[in-house]
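Results of the structural survey
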Amino acid sequence: MTAVLPGEDEGNKPLSRNRNYSILWTSQLLSELTIEIVAVAVPLLVMARSGSALEVGLAASVMAAVHMISVVPAGVLADRRDRRKIMLVCQAARVAGLASLVAALLMDAYFFPHVLLVVALEGFLGSVFDPVEHAALPTVVPESQLMTAVARNTARPYVAAMLGPFSAGLLFTLHPAAPFVTQAVMLSLSFVALIFLRLPRLAVFPGKPDSGEPGASGPLEGSEEPRARGARADTVEGIRWVMGHGVIRMTLVWITLTNLVFSALVIVVLVRSGEENVPSHEIGLMMTCFGIGGLLGAAVAARLTGALRPSVLVVGFSLVVTAVTGGMAYVPGGLPLGLLFGLAAFLAPAANTTVLTYQMLAAPEGMRGRLSGISGLSSGIAGVIGPALGSVVVALTEGPLTFLVCAGGFALVALITVLSPSLRRFPSLDTVHSS
């Protein structure tokens, strides 16, 4: 007997009236906002209390390292346990960690190892929350609306990137504890909303009996109880499945390389603008253009993915962003450069929507968490190496050549995309079925 997803009962409803989708979308936005605020508020706090650049770098490195190390095991957890409970535990633990830091600051008991512990906790719990939310999405949205849901989800990082740093700086000027109080309140609201989340009784979790409570996931009706296995075996199984699936394997390569060059390009834009004495407010405007471009791209991503073939979007993105980046070499800094930066961001959501929707549709229900974890690791590695690579490019090149090198990086991605049969003939999403 086939289990019925809640999303299928709401197939005719718009996403705005899908309660479960709205809860997931909002909770993930609040999670991403928290990470963005922490990324700015913690360095401000450390510099205000100790002035140690070493401690600032250590805090940032610990958060990034813990997040990257945890994301693959988190994907395994998302396929083994009740996803709703995992998200509730994550948000509750994050609130507790932030509340402890707020209490310490209000009592004038600042202690850097305590800050480091809170940052590590945030990195770990954020890495657990992400793949669980991603794996849950296809179970609350009907397949006919999944592409639209993914397109809307691509707007969240841009919203968080635009609001988070600004909010952190503004709140910190009011009181050093204010950013962390705000985060704790946001995550508390997320916790309350997740209490009302209902996930389908669909996913099969190894060794996990059906609890019978609302929102829980258990074995499919009529299925045999799976044999309990260790997390290591599930991790190996997930890696083998991903590596054995030709299209998904190549999408991970595409995601990694694209994020790598984008991360390097951000550093190039910022450093070159500073060297050219572009006023700080114009640099801020350039980054705002990037965020606005991404938001506008997310707004039309669903229409583009519906109007163009997936192969056109994936291959076309790589080719067009190469040309846009090359054009950055010949425009002045400030607003003109920012507009091209925003155009590059505008093109990304449609291509990402195509790739992510395919991954969700192609992956079996019990594999989606692990796929999300492995994908998150790929993006994390690119996010760590990319900025360092951008710094090397800036150090070794001058003038227009710096941007042309970045354009060359995108050209390499485009070449790999064109030469790969899996990407060049990217499957139509209408023909994709999990197996």
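Residues numbered from 1 in each chain as written. Predicted model: local features only at pLDDT ≥ 70, side-chain atom pairs only at ≥ 80, totals over all residues. Heavy atoms only, no water.

Time to look at the nonpolar core. Formed by 43 residues in total, the largest nonpolar core has its most connected members in Trp254, Leu265 and Phe403. Contributing elements (two or more residues each) for this core: α9 (231-244), α10 (246-275), α11 (280-307), α12 (310-327), α13 (335-362), α14 (368-396) and α15 (400-419). With 11 residues, α10 is the single largest residue contributor to this core. The next biggest cluster of nonpolar side chains, apart from the first, holds 33 residues, and it includes Val42, Val56, Leu105 and Phe112. (Core = buried A, V, L, I, M, F, W, Y, C linked by side-chain atoms within 4.5 Å. Buried < 20%, exposed > 50% of the residue type's maximum accessible area, 1.4 Å probe, protein only. Helix = DSSP H or I, 4+ residues; strand = E, 2+ residues; numbered from the N terminus.)

A few words now on the pattern of salt bridges. In total, this model carries 9 salt bridges according to the counting rule given. Two residues, Asp79 and Arg83, come together in a salt bridge whose shortest N-O distance is 3.3 Å. A salt bridge links Asp79 to Arg370, with the nearest nitrogen and oxygen atoms 2.8 Å apart. Of the two residues, Asp79 is situated in helix α3 (residues 53-80) and Arg370 in helix α14; the sequence distance between them amounts to 291 residues. In this structure Arg370 comes out as buried when scored by relative accessible area, which is 7%. (Salt bridge = Lys/Arg side-chain N within 4 Å of Asp/Glu carboxyl O.)

It is worth spelling out a nonpolar patch on the surface at this point. Taken together, Tyr330, Leu401, Leu404 and Val405 make up a surface patch of nonpolar side chains, about 390 Å² in accessible area. Inspection of the secondary structure assignment puts Tyr330 in the loop between α12 and α13. (Patch = residues over 30% accessible without salt bridge, like charges linked within 9 Å, V, L, I, M, F, W, Y side chains within 5 Å. Areas by Shrake-Rupley, 256 points an atom, 1.4 Å probe, with all protein chains shown as cover.)

This brings us to the packing of aromatic side chains. Tallying each qualifying case throughout the model produces 6 aromatic pairs. When the centroid spacing of 6.0 Å and the interplanar angle of 55 degrees are considered together, the rings of Tyr158 and Phe290 count as tilted. Taken as a pair, Tyr158 in helix α7 (residues 156-174) and Phe290 in helix α11 lie far apart in primary sequence, 132 residues in all. Given the relative accessible area of 13%, Tyr158 is considered buried. A ring pair is formed by Tyr358 and Phe426, whose centres lie 5.2 Å apart and whose planes are at 65 degrees; its orientation type is edge-to-face. Taken together, the residues Tyr358 in helix α13 and Phe426 in the segment after α16 (421-424) connect sequence positions 68 residues apart. On the basis of relative accessible area, Phe426 is assigned to the buried category, the value being 5%. (Phe/Tyr/Trp six-rings, centres within 6.5 Å; stacked < 30°, edge-to-face > 60°.)

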